[in-house]
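So the chains spell out like this:
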Amino acid sequence: LDWNERNVLGVALGDSIYLWNASDGSIQQLMQTSGDNSHVTSLAWVQDGPGGEGRYMAVGTSDHTVQIWDVQRLKQVRSMHGHRARVSSLSWNGPLLSSGGRDSVVM
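Counting restarts for each chain, with residues numbered from 1 along the sequence as it is written. Totals for whole chains, interfaces and linings use every residue, but because this is a predicted model, local features are given only for residues with pLDDT of at least 70 and side-chain atom pairs only at 80 or more, for both listing and counting. Neither water nor hydrogens contribute to the side-chain values; these are computed over all heavy atoms in the structure.

Undergrad: Please set out the pairing of strand β2 (residues 8-13) residue by residue, giving values where relevant.
TA: When DSSP locates at least two bridges between a pair of strands, those strands are taken to pair. By the criteria applied, helices consist of DSSP H or I runs no shorter than four residues and strands consist of E runs no shorter than two, each listed in order from the N terminus. Alignment of strand β1 (residues 2-3) against β2, held across two bridges, turns out to be antiparallel. What sits directly across from Asp2, in β2, is Gly10. Hairpin connection of β1 to β2: four residues between the antiparallel strands, including Asn7 at a positive phi of 65 degrees. For β2 and strand β3 (residues 16-21), the ladder comprises six bridges, and the chain directions are antiparallel. Opposite Leu13, over in β3, you have Ser16 as the bridge partner. The loop that links β2 with its antiparallel partner β3 comprises two residues; one of these, Gly14, has a positive phi angle of about 65 degrees.

Undergrad: Describe in detail the nonpolar core, supporting the description with residues and values.
TA: Core analysis: the biggest nonpolar cluster contains twelve residues, these being Val8, Ile17, Leu19, Leu30, Met31, Val40, Leu43, Trp45, Met57, Val59, Trp69 and Val71. Residue assignment for this core shows that the elements contributing at least two residues are β3, β4 (27-32), β5 (40-45) and β6 (56-61). Broken down by element, this core gets its largest block of residues, three residues, from β5. Contacts are assigned to residue pairs with any non-hydrogen atoms lying within 4.5 Å of each other. The contact partners of Val59, leaving out residues within four places of it in the chain, are Ile17, Met31, Val40, Ser42, Leu43, Thr65, Val66, Gln67, Trp69 and Leu90. In plain words, nonpolar cores are sets of buried Ala, Val, Leu, Ile, Met, Phe, Trp, Tyr and Cys residues tied together by side-chain atoms within 4.5 Å. Partly exposed describes any residue whose relative accessible area lies between the buried limit of under 20% and the exposed limit of over 50%, with all areas from a 1.4 Å probe on protein chains only and scaled to the type maximum. Ala44, Val66, Val87 and Trp92 belong to the second-largest nonpolar core, a separate cluster that totals eight residues.

From the geometry alone we can't say anything about function, so treat these as descriptive.
Here's what the structure looks like:
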C-alpha cells in the first residue's frame, strides 16, 4: 500500500489494486492482473511534489512485470519487462523508477 499527495491510498489485494480516497471515502478499482497465478506484489505512487496531481502509479506483479498506470484515466500506459521473478519493491526518485525483484536484480 502507498499514499499519494492527494490523500488517496492505493491498496493491493490479491490480483487487484483499489484506490481509497480518504477525503470522501470513495473506493475505486484501478486494475486487475490477468493470468491464473498472477497477482500484485508491489505498488508505488510517483511523488509529484507540491501541488502534484498524484496521477501515476507503478505496479509490480508476480509475473515479473512493472506496469505504469494513469490513475485518473484508469489506464495502463506502459509495461516493462526484465525481471526473472516477482517484482517485490518499487521506488520513485523524481521521474526515475527503480524496481527490485525476487531475482536479486535492481533496475
